[in-house]
Amino acid sequence: MKTALLVIDVQMALAHEDAAGAVRSCPEAGDNIGRLLSRFRAHGDKIVHVHHHGLDPDDPFHADAPGAAVQPFAAPQGDEPVIIKNVSSAFAGTSLEADLRADNIERVVICGATANHCAESAARSASSLGFEMVYASDAVWAYDATGPDGVTHSAEQIHSVTLANLQGEFGEVCSTDTILNA
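Below is a summary of the structure that appears in this document. (Residues numbered from 1 in each chain as written. Predicted model: local features only at pLDDT ≥ 70, side-chain atom pairs only at ≥ 80, totals over all residues. Heavy atoms only, no water.)

### Notes on the layout of surface pockets
(1) Moving on: When its volume is computed, the largest pocket comes out at roughly 310 Å³.
(2) Moving on: For the largest pocket, the lining is made up of 16 residues, of which Thr3, Arg107, Val109, Ile179 and Ala182 are closest to its centre.
(3) Moving on: If one sorts the elements of the lining of the largest pocket by residue count, helix 6 (residues 176-181) sits on top with 3 residues.
(4) Moving on: Residue composition of the lining of the largest pocket, by class: 8 nonpolar, 3 polar and 5 charged.
(5) Moving on: Volume-wise, the second largest pocket comes out at about 230 Å³.
(6) Moving on: Taken together, 14 residues form the lining of the second largest pocket, with Leu14, Glu17, Phe61, Thr114 and His117 sitting closest to its centre.
(7) Moving on: Its residues placed into classes, the lining of the second largest pocket shows 7 nonpolar, 4 polar and 3 charged. (1 Å grid on protein atoms, 1.4 Å probe; cavity = no way out; pocket = protein on both sides within 12 Å on 5 of 7 lines; lining within 4 Å. Points joined across faces, edges and corners; volume = space filled by probe spheres on them. Helix = DSSP H or I, 4+ residues; strand = E, 2+ residues; numbered from the N terminus. Nonpolar A, V, L, I, M, F, W, Y, C, P; charged D, E, K, R; others polar.)

Dropping the structure here:
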């Protein structure tokens, strides 16, 4: 089964959040994304980078903002395509689905940011479009968040609930080691 690695929104806006002291889950996510990239590159497998470009000029992900730049460890190499999106799902309003189908891709491995936002949106969309979806549990991360009820949820709680929501219903949730050993 032809597989593609989708690297979602590994951009400087998130590194800036980290530097400002944001509490995040899965500190090893960057290393694991790097391991996935290395393995896919070594095998000549398809890698697609997805970058978010917010439309609001004040958005830290706006194309003209420093936060839109890719984090160096996840920078595209060679002819690895980059899909630019303006909404949470990598499939909405982009050529991603058509590009994957043109390359006869049947399975996608999803990593990147954030676990409960754009990476999750891509996972749900991929599944709904009929791709076999594998979500790299330790190659994504989440941040603390406070809900509309005023309750604060830890990054670890959000990460864990995201994995629980995706497992089985939308695809398979696996560790980076499990993916690399498959």
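Once you've had a look at it, read on.
### Digging into the side chain of Ser25
(1) Moving on: Here Ser25 is to be found in the loop between helix 1 (12-19) and helix 2 (29-42).
(2) Moving on: From its side chain, Ser25 meets the backbone nitrogen of Ala142 in a polar contact 2.9 Å long.
(3) Moving on: There is a polar contact of 2.7 Å between the side chain of Ser25 and the side chain of His159.
(4) Moving on: Residue contacts for Ser25: discarding those within four places in its chain leaves Trp141, Ala142, Ala155, Glu156 and His159. (Polar contact = N/O pair within 3.5 Å; in protein donor to acceptor, adjacent residues only side chain to side chain. Contact = heavy atoms within 4.5 Å.)

### Overview of the nonpolar core
(1) Moving on: By size, the foremost hydrophobic cluster in this structure holds 29 residues, and its most contacted members are Leu100, Val108, Ile110 and Tyr135.
(2) Moving on: Only strand 1 (3-8), strand 2 (46-52), helix 3 (96-102), strand 4 (107-113), helix 4 (118-128), strand 5 (132-141) and helix 5 (155-166) provide two or more residues apiece to this core.
(3) Moving on: It is helix 4 that provides the largest number of residues to this core, a total of 5 residues.
(4) Moving on: Filtering out sequence-adjacent residues up to four positions away, Leu100 remains in contact with Ala4, Val48, Phe91, Ile105, Val108 and Phe131.
(5) Moving on: Counting 25 residues, the second largest nonpolar core, distinct from the first, contains Leu5, Ile33, Phe40 and Tyr143. (Core = buried A, V, L, I, M, F, W, Y, C linked by side-chain atoms within 4.5 Å. Buried < 20%, exposed > 50% of the residue type's maximum accessible area, 1.4 Å probe, protein only.)

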